[in-house]
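Results of the structural survey
In case you want the letters, here they are:
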Amino acid sequence: MTENSFRTQDRETLELGLGEQIHALISASHALNVRSAERFDATLQPAAFHLVRWLYSYGPTSAAALAEATAMDRSSVSRLIKQLEKSGYVSKEPDPNDRRGVLLSLTELGQQSTVSALKEKESVFYDRISRWDDKELERFTSMLRQFNGLEG
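To start, this report covers the structure provided alongside it. Please read all numbers here as calculations on a predicted model, not as lab measurements.

Now for the packing of helix 3 (residues 63-70) against helix 4 (residues 74-86). Each pair of packed helices can be summarised by the angle the axes make with each other and by the distance between the axes. One way to put it is that helix 3 packs onto helix 4 with a least axis distance of 9 Å and a crossing angle of 115°. In this view, helix 3 runs roughly perpendicular relative to helix 4, as classed from their interaxial angle. Two packed elements cross with a definite hand, and for helix 3 against helix 4 that hand is right-handed. The residues of helix 4 that touch helix 3, namely those facing Ala-63, Ala-64, Leu-66, Ala-67 and Thr-70, are Arg-74, Val-77 and Ile-81.

In structure tokens form, the structure reads like this:
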């Protein structure tokens, strides 16, 4: 085998290892999301918590924009929003920029319940990085930013 073949094999092994670690992160994150959704409100589907998380992070928006941002179909978003509204987590307000439009936002109960549900998830990930020094954390964050296409 040539030196180039070894590099290709080594690179392939490294890429497979990276894929395994990304899969492990996604799996752990999904499991924590499901637990957080249950902690938020066990009577709702985890997909409802996905909408709540988006509203918590980005603020009021229309149902159409929420469906697009979360990659869910409009009918599912509509059904879940009705459940969230009935439970007191989400409210609808007229859109000041479009008289016909409606903006969805979290109520105070929705905000408080979201924060409570997220504490467990955050604590798991924070525990994993608690022994890292600032340089390690900065490097990891920078590399994730690059990997996610957020930096050139």
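Moving on from the coordinates now.
Attention shifts here to the packing of aromatic side chains. For the structure shown, the criterion picks out 4 aromatic pairs. Seen from their ring centres, Phe-40 and Tyr-89 are 4.5 Å apart, and the 45° between their planes marks the pair as tilted. With Phe-40 in helix 1 (residues 3-40) and Tyr-89 in the loop between helix 4 and strand 1 (90-95), this pair connects stretches of sequence that are 49 residues apart. You'll find Phe-40 and Tyr-89 in the same group, each marked buried. Relative to Tyr-58, the ring of Trp-54 has its centre 4.9 Å away and its plane inclined at 40°; by these criteria the two rings are tilted.

One way to put it is that helix 2 (residues 46-58) packs onto helix 4 with a least axis distance of 10 Å and a crossing angle of 85°. Relative to helix 4, the element helix 2 is oriented roughly perpendicular. Of the residues in helix 4, those in contact with Ala-47, Ala-48, Leu-51 and Val-52 of helix 2 are Val-77, Leu-80, Ile-81 and Leu-84. Taken together, the residues that form the contact of helix 2 with helix 4 break down as 8 nonpolar, no polar and no charged.

The rules behind these values
- Residues numbered from 1 in each chain as written.
- Predicted model: local features only at pLDDT ≥ 70, side-chain atom pairs only at ≥ 80, totals over all residues.
- Heavy atoms only, no water.
- Axes fitted to C-alpha atoms, helices over the stretch in contact; angles between N-to-C directions.
- Helix = DSSP H or I, 4+ residues; strand = E, 2+ residues; numbered from the N terminus.
- Parallel < 35°, antiparallel > 145°, perpendicular 65-115°, else oblique.
- Left-handed = near helix turned anticlockwise from the far one by under 90°.
- Contact = heavy atoms within 4.5 Å.
- Phe/Tyr/Trp six-rings, centres within 6.5 Å; stacked < 30°, edge-to-face > 60°.
- Buried < 20%, exposed > 50% of the residue type's maximum accessible area, 1.4 Å probe, protein only.
- Nonpolar A, V, L, I, M, F, W, Y, C, P; charged D, E, K, R; others polar.

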